[in-house]
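Summary of the model geometry
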Amino acid sequence: MKAIQVQQLGGPAQLKLADVPDPVAGPDDAVVEVKFCGVNFIDVYFRTGLYKVDLPFIPGNEAAGVVHSVGANVDTVKPGDRVAYAMTRGSYAELTRVPAAQLVEIPDSVSFEQAAAAMLQGMTAHYLTHSTFPLQPGQAALVHAAAGGAGALVVQMAKLRGATVYGTAGSPQKLEVAKAAGCDAVINYNTEDFEVEVKRLTGNRGVDVIYDSVGQSTFSKGLNIIRPRGMMVLFGQSSGPVAPFDPNILNPKGSLYLTRPSLGAYISTREELDWRAGEVLSSVGEGKLKLRIDKIYPLADAPQAHRDLESRNTAGKLLLKM
């Protein structure tokens, strides 16, 4: 089969189109014929070595497609079923082996393209707003990179839970995308001081929670605009990792909470996976959750997809099509 393979850690040029052996389903696995797969920053983290992985490897952590074959112990899916998954590496390929317990059925009202765009970022937005810091009506949230694939979904889910949402983005075009997602106010963090603006917008009260996928360039200022006993939710680092710091700074800023969550810990049981994926995909199918797919690339153009993602000039989801 054709797949993108990384044989050496480094930049986007290390994403090489290669012929590799077709995967074979283990007893508890299914082999999925991939139709679309998502391109996410976690793929960059593996490619550069920020997240450790044995070489060579096939990147990609989310896809939608059709079950091709199943292992001897699998009775939850069968060949021909429309399925999607997240958090199993190897989706930049025509075929991929996935534990059957991680596959969810795609509703008839949702396309392969939509399912691939919704799984990882949609379930991330779900756990952030429903579990990590379960937003309540009347609370206020700041969402960094609010025009991105994940950010725009966080904004939408926060609004559905009744929160006031402020969003940051880096260009006038992205500010419009963030507004369309539902932000009550938007801030260009390249031309405005978001700390000053949030204090102004909230009458110096600050926000209850910050959902921060940017990291290095936004983290420290963010701690100055969280209300006492509020939470900094750091779920990414598109601008680079946050430097080590003394946790004692959380004390005088109002006994703040800090967490660095990841999706895997929030879909660790079948019940939780079914809940999150079910709510996300049904919301997409019903039109309650709007997906913005910025660009679709052929598999061979995975290096360009990574360049575009890392440029932070995209506004929405990037997909690879087999």
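About the criteria used
- Residues numbered from 1 in each chain as written.
- Predicted model: local features only at pLDDT ≥ 70, side-chain atom pairs only at ≥ 80, totals over all residues.
- Heavy atoms only, no water.
- Helix = DSSP H or I, 4+ residues; strand = E, 2+ residues; numbered from the N terminus.
- Rg over C-alpha atoms; globule rule 2.2 N^0.38 Å.
- Buried < 20%, exposed > 50% of the residue type's maximum accessible area, 1.4 Å probe, protein only.
- Contact = heavy atoms within 4.5 Å.
- Areas by Shrake-Rupley, 256 points an atom, 1.4 Å probe, with all protein chains shown as cover.
- Salt bridge = Lys/Arg side-chain N within 4 Å of Asp/Glu carboxyl O.
- Core = buried A, V, L, I, M, F, W, Y, C linked by side-chain atoms within 4.5 Å.
- Pairing = 2+ DSSP bridges.
- Expected span 1.5 Å × (residues − 1).
- Arc of directions from axis to C-beta.

1. Concerning the overall build of the protein
Counting its secondary structure elements, the protein contains 8 helices and 15 strands. In terms of C-alpha radius of gyration, the protein reaches 20 Å, essentially the compact-globule figure of 20 Å for 322 residues. For the C-alpha atoms alone, the extent of the protein along its principal axes is close to 60 × 40 × 35 Å. In the protein, which comprises 322 residues, the proportion classed as buried is 55%. Considering only contacts in the protein between residues 6 or more positions apart, those separated by 24 or more positions represent 69%. Counting only carbon and sulfur atoms, one obtains 50% of the accessible surface of the protein, whose full area is about 13,500 Å².

2. Description of the pattern of salt bridges
Summed over the entire model, instances satisfying the criterion amount to 15 salt bridges. Its salt-bridge partner being aspartate 81, residue lysine 78 comes within 3.0 Å of it at the nearest N-O pair. Judged by its relative accessible area of 51%, lysine 78 is exposed. Across the pair glutamate 197 and arginine 200 runs a salt bridge, and its minimum N-O distance is 2.8 Å. Placement of the pair is glutamate 197 and arginine 200 together in helix H5 (residues 194-201), with a separation of 3 residues, close to one helical turn. For glutamate 197, a relative accessible area of 15% translates into the label buried.

3. Overview of the side chain of histidine 144
Locating histidine 144 in the fold gives a position in the loop between strand S8 (140-143) and helix H3 (149-160). With relative accessibility at 0%, the residue histidine 144 sits in the buried group. In contact with histidine 144, other than residues within four places in its own chain, are Thr168, Tyr189, Phe194, Ile210, Tyr211, Asp212, Ser213, Val214 and Thr218.

4. Here we look at the environment of leucine 258
Secondary-structure assignment places leucine 258 in strand S13 (residues 257-259). Residue class for leucine 258 comes out partly exposed when judged on its relative accessible area of 36%. For the pair formed by leucine 258 and methionine 231, sequence separation is 27 residues and the distance between their alpha carbons is 5.7 Å. Beyond its immediate chain neighbours, meaning those up to four positions away, leucine 258 contacts Phe219, Met232, Phe245 and Leu250.

5. Focus: the nonpolar core
Formed by 89 residues in total, the largest nonpolar core has its most connected members in Tyr92, Met123, Tyr211 and Leu320. Here the element with the most residues in this core is helix H2 (residues 112-132); it accounts for 11 residues. Setting aside anything within four residues of it in sequence, one finds leucine 320 in contact with Lys35, Phe36, Cys37, Val39, Tyr92, Tyr297, Pro298, Leu299, Ala302 and Ala305. Listed in part, the 19 residues of the second largest apolar core include Tyr166, Phe194, Val198 and Leu234.

6. A word on the pairing of strand S4 (residues 62-70)
The sheet contact formed by strand S3 (residues 29-39) and S4 spans 7 bridges and is antiparallel. When the bridges of S4 are listed, valine 32 appears paired with valine 67. Where S4 meets strand S5 (residues 82-86), 5 bridges bridge the pair, whose relative direction is antiparallel. From the neighbouring strand, alanine 63 faces S5, where its bridge partner is tyrosine 85.

7. Section: unusual backbone geometry
Cis geometry is adopted by the peptide bond preceding proline 56, which originates at leucine 55 and carries an omega value of -10°. Look at alanine 145: it is not a glycine, yet its phi comes out positive at around 55°. Here alanine 145 shows up in the loop between S8 and H3. Judged by its relative accessible area of 22%, alanine 145 is partly exposed.

8. Some remarks on helix H7 (residues 270-286)
Relative to the 24 Å expected for 17 residues at 1.5 Å per residue, H7 spans 23 Å between its end C-alpha atoms, a close match to the ideal helical length. Among the residues of H7, Leu273, Arg276, Ala277, Val280, Leu281, Ser283 and Val284 are the ones counted as buried. Along the long axis of H7, the arc covered by the buried residues comes to 160°, so they all point the same way. Exposed and facing more than 90 degrees away from the buried side of H7 are Glu271 and Glu286. Against strand S7 (104-105), H2 and H3 lie the buried residues of H7. Looking one or two residues beyond H7, the residue adopting positive phi is glycine 287, at roughly 85°.

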